[in-house]
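If you want the building blocks of each chain, they are given just below.
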Amino acid sequence: MTGHFKDNQTIAKRDLSVLWHPCTQMKDHETFPIIPIKTGQGVWLEDFDGNRYLDAISSWWVNLFGHTNPTINAALKDQLDTLEHVIFAGFTHESAIKLAEKLVEVTPTGLNRCFYADNGSAAVEVALKMSFHYWRNLCHNPGQPKKTKFITLENSYHGETLGALAVGNVPLYKETYAPLLMDVITVPSPDCYHREDGESWAAYSSRRFELMENTLRDHAETVCAVIIEPLVQCAGNMRMYDPVYLKLLREACSKYNVHLIADEIAVGFGRTGTLFACEQAAITPDFMCLSKGLTGGYLPLSAVLTTDDIYQAFYDDYQKLTAFLHSHSYTGNALACRAGLATLEIFQQKNVIENNHNLSILMAQVSERFHDHPHISDVRQTGMIVAIEMVKNKHTREPYPWQERRGLRVYQYALSKGVLLRPLGNVIYFMPPYIINEDEIRLMADVAWGGIQQATRD
Ligand SMILES: *Cc1c(COP(=O)(O)O)cnc(C)c1O
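Residues numbered from 1 in each chain as written. Predicted model: local features only at pLDDT ≥ 70, side-chain atom pairs only at ≥ 80, totals over all residues. Heavy atoms only, no water.

1. Re unusual backbone geometry
- The phi dihedral of cysteine 23 is positive, around 55 degrees, even though this residue is not glycine.
- As for its placement among the helices and strands, cysteine 23 is situated in the loop between helix H1 (8-18) and strand S1 (37-41).
- Backbone geometry at tryptophan 61 places phi at a positive 75 degrees, although glycine is not the residue there.
- Here tryptophan 61 lies in helix H2 (residues 58-61). (Helix = DSSP H or I, 4+ residues; strand = E, 2+ residues; numbered from the N terminus.)

Here's what the structure looks like:
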């Protein structure tokens, strides 16, 4: 099946002569080899030279139950021989319906409608457009205010298409394209890295909420929605905050008549310890965006869950022209939906959330020793995510200059020891598939330790 694909070096050469990879300065590959993967099984990836890598970051946070998972494989093989894809306007199919039913069942109460798209950024675009369009549809009733703006948090990430990029706030991704982006209102983050000595996450998060409350009070008339990553700002260096912020935000959004969009694309499906992060604040957002883990890391698919109230604002006679306007060719792809169904079946059959609780305790234990490292300023955890912040000065928290690329040194070291870690700048994190075992968790931590030792030596 692999033809001339024999060894890493020759395959890498072919790749680099024709491909352009995401999130990559391609010139880096003059120095750092690109790694061709031949097979994946469980938490392990194997390259063409026979080296194995523990996938400690779930292949960009998507994989939940391992590579070539037998349950998902079987479901997909069956789907492949039944229906691969069909137009999703005017037509429907079994897997799309069953998955939507399941998503309505497992997401917070009140989210009763499922709109499919095919990646995370697209789901964010859908939620933004739906929110805006809802208020516009309501504007047919006299007295409704004109809402066109969005509120977002500092250091947030919601994807990289232009709308999603506009509501994000990580300078690395955003600054270059700033002239192309719509204006948004940005509120300081509840990111608990910045709390005072001795201050609890909850105290800091609620204190920071005052800034959001003020902004909502001042701008509610022109704002469609607040968009937020519940509990963990993942691409923004795995910065975390307390559920109390979500609770306060839900109350304020209702009070000021502004939608709440929960972007659970990275944190959904068990990452934060509960199936969805919003559960920890016992809230129902007006929109919930899901992708990444939705198909267990198999196929691109996303979903926006929303309420009957939102849905009804679009439901009218054709001539009123209130229907939602958004479509992707691959909306509701049958293979992707089936992978999603199989993924949710595994959650139900294998007691995943309960087992993850034990794994997360183990992840906390193996991360203990990082606290005392002279170049680590913070070790933080929310459920199945542990993040370790590497700094130049532990006491002042002065970061290493980004040009030194210390995180990259950790990455290279870890690869040489058989672990795929992919630090965000100088933040090393663990976000493994849920089928990782105790030995593998220890290996992941030992290798991260070795990598940090080496990267902070001079
Ligand atoms: C990854 C991510 C996205 C974008 O999803 P893509 O499928 O990469 O477009 C959006 N929001 C959050 C919180 C993410 O982590």
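What follows continues from the structure just given.
2. Brief notes about the site of the ligand
- Looking at the ligand, the residues that line it are Trp61, Asn119, Gly120, Ser121, Tyr157, His158, Gly159, Glu229, Asp263, Ile265, Ala266 and Lys292.
- In the environment of the ligand, an oxygen atom lies 2.5 Å from a nitrogen or oxygen atom belonging to the side chain of serine 121.
- Grouping the constituent residues of the shell around the ligand by class yields 4 nonpolar, 5 polar and 3 charged. (Near = heavy atom within 4 Å. Polar contact = N/O pair within 3.5 Å; in protein donor to acceptor, adjacent residues only side chain to side chain. Nonpolar A, V, L, I, M, F, W, Y, C, P; charged D, E, K, R; others polar.)

3. Some thoughts on the sheet that holds strand S11 (residues 287-290)
- Taken together, 7 strands build an open sheet; the order of strands is S4-S12-S11-S10-S7-S5-S6 and the sheet is mixed. Edge positions in the sheet fall to strand S4 (113-117) and strand S6 (185-187), since each of these pairs with one other strand and no more. Averaged over neighbouring strand pairs, the angle between their axes works out to 20 degrees when direction is ignored.
- Of the pairings in the sheet, the one linking strand S5 (residues 149-153) to S6 comprises 3 bridges and is parallel in character. The partner of threonine 152 across the bridge, within S6, is threonine 186. (Pairing = 2+ DSSP bridges. Axes fitted to C-alpha atoms, helices over the stretch in contact; angles between N-to-C directions.)

4. Comments concerning the environment of glutamine 312
- Here glutamine 312 shows up in helix H10 (residues 308-312).
- The sequence separation of glutamine 312 and tyrosine 134 amounts to 178 residues, and the corresponding C-alpha distance is 9.2 Å.

5. Concerning the sheet that holds strand S14 (residues 385-390)
- Across the sheet, 3 strands lie side by side as S13-S14-S16; this open sheet has antiparallel pairing. Two strands in the sheet have a free side with no partner beyond their single neighbour: strand S13 (376-382) and strand S16 (427-430). Strand-to-strand twist of the sheet, defined as the mean angle between neighbouring strand axes without regard to direction, takes the value 15 degrees.
- Taken together, the 4 bridges between S14 and S16 define a ladder with antiparallel strand orientation. Within the sheet, the bridge partner assigned to isoleucine 388 lies in S16 and is isoleucine 428.
- Contacts from helix H12 (residues 352-367) reach S13, S14 and S16 within the one sheet, and its direction differs from that of S13 by about 170 degrees. (Contact = heavy atoms within 4.5 Å.)

6. Quick look at empty space enclosed by the protein
- Scanning all chains against the criterion turns up 1 cavity of 30 Å³ or more.
- The calculated volume of the largest cavity comes to roughly 30 Å³.
- What lines the largest cavity is Ser156, Tyr157, Gly159, Leu165, Gly168, Asn169, Val170, Tyr173 and Lys174.
- In the lining of the largest cavity, the residues fall into 4 nonpolar, 4 polar and 1 charged. (1 Å grid on protein atoms, 1.4 Å probe; cavity = no way out; pocket = protein on both sides within 12 Å on 5 of 7 lines; lining within 4 Å. Points joined across faces, edges and corners; volume = space filled by probe spheres on them.)

7. Section: the packing of helix H4 (residues 94-106) against helix H11 (residues 334-349)
- Where H4 meets H11, the axes come as close as 8 Å, and the angle between the chain directions of the two elements is 40 degrees. Our classification of the angle between H4 and H11 gives oblique. Note on packing geometry: the crossing formed by H4 with H11 is left-handed. Here Ser95, Ala96, Lys98, Leu99, Lys102, Leu103, Glu105 and Val106 of H4 come into contact with H11, specifically with Ala334, Cys337, Arg338, Gly340, Leu341, Leu344 and Gln348.
- Here the residues of the contact of H4 with H11 are counted per class, giving 8 nonpolar, 3 polar and 4 charged. (Parallel < 35°, antiparallel > 145°, perpendicular 65-115°, else oblique. Left-handed = near helix turned anticlockwise from the far one by under 90°.)

8. A short note on the domain arrangement of the protein chain
- The domains assigned to the protein chain are domain 1 (35-68 + 352-455) and domain 2 (74-350).
- Domain 1 and domain 2 are separated by 27 Å when their C-alpha centres are compared.
- Taken over both partners, the interface formed by domain 1 and domain 2 buries close to 2,600 Å², and the fraction arising from carbon and sulfur atoms is 61%.
- Here domain 1 is connected to domain 2 by 1 salt bridge.
- Here domain 1 is connected to domain 2 by 15 residue pairs in polar contact (both at pLDDT 80 or more).
- When residues of the side of domain 1 that touches domain 2 are traced back to their parent elements, those giving at least two are H2, H12, S13, S14 and S16.
- Here the side of domain 1 that touches domain 2 gets 5 residues from one element, more than from any other, and that element is S13. (Domains from an automatic or database assignment. Buried area = accessible area lost by both parts, 1.4 Å probe. Salt bridge = Lys/Arg side-chain N within 4 Å of Asp/Glu carboxyl O.)

9. Quick notes on the packing of H12 against helix H14 (residues 438-455)
- In contact at an axis separation of 10 Å, H12 and H14 are set at 30 degrees when each is read in the N-to-C sense. Seen along the crossing, H12 lies across H14 with a hand that is right-handed. On H14, the residues that touch Leu359, Leu362, Met363 and Val366 of H12 are Glu438, Ile441, Arg442 and Ala445.
- Residue composition of the contact of H12 with H14, by class: 6 nonpolar, no polar and 2 charged.

10. Describing the pattern of salt bridges
- Tallied over the entire structure, the rule returns 19 salt bridges.
- Here arginine 250 ties to aspartate 286 by a salt bridge, and the two come within 3.2 Å at their closest N and O atoms. Placement of the pair is arginine 250 in helix H9 (residues 244-256) and aspartate 286 in the loop between strand S10 (259-263) and S11, with a sequence separation of 36 residues.
- Through salt bridges with shared partners, one network takes in Asp191, Arg239, Asp378, Arg380 and Glu389.

11. Quick notes on the layout of surface pockets
- Empty space within the second largest pocket amounts to approximately 1,100 Å³.
- In terms of lining residues, the second largest pocket is bounded by 34 residues, among which Cys114, Phe115, Met130, Tyr311 and Phe324 are the most central.
- For the lining of the second largest pocket, the elements supplying multiple residues, two or more each, are H4, S4, strand S12 (302-306) and H10.
- Element by element, the count of residues in the lining of the second largest pocket is highest for H4, at 5 residues.
- Grouping the amino acids of the lining of the second largest pocket by side-chain chemistry returns 21 nonpolar, 9 polar and 4 charged.

12. Structural notes on helix H8 (residues 201-219)
- Along its 19 residues, H8 runs 27 Å from first to last C-alpha, staying within 8% of the 27 Å computed at 1.5 Å per residue.
- What H8 keeps buried is the set Tyr204, Ser205, Phe209, Met212, Thr215 and Leu216.
- Buried residues belonging to H8 abut S5, S6, strand S7 (223-228) and H9. (Expected span 1.5 Å × (residues − 1). Buried < 20%, exposed > 50% of the residue type's maximum accessible area, 1.4 Å probe, protein only.)

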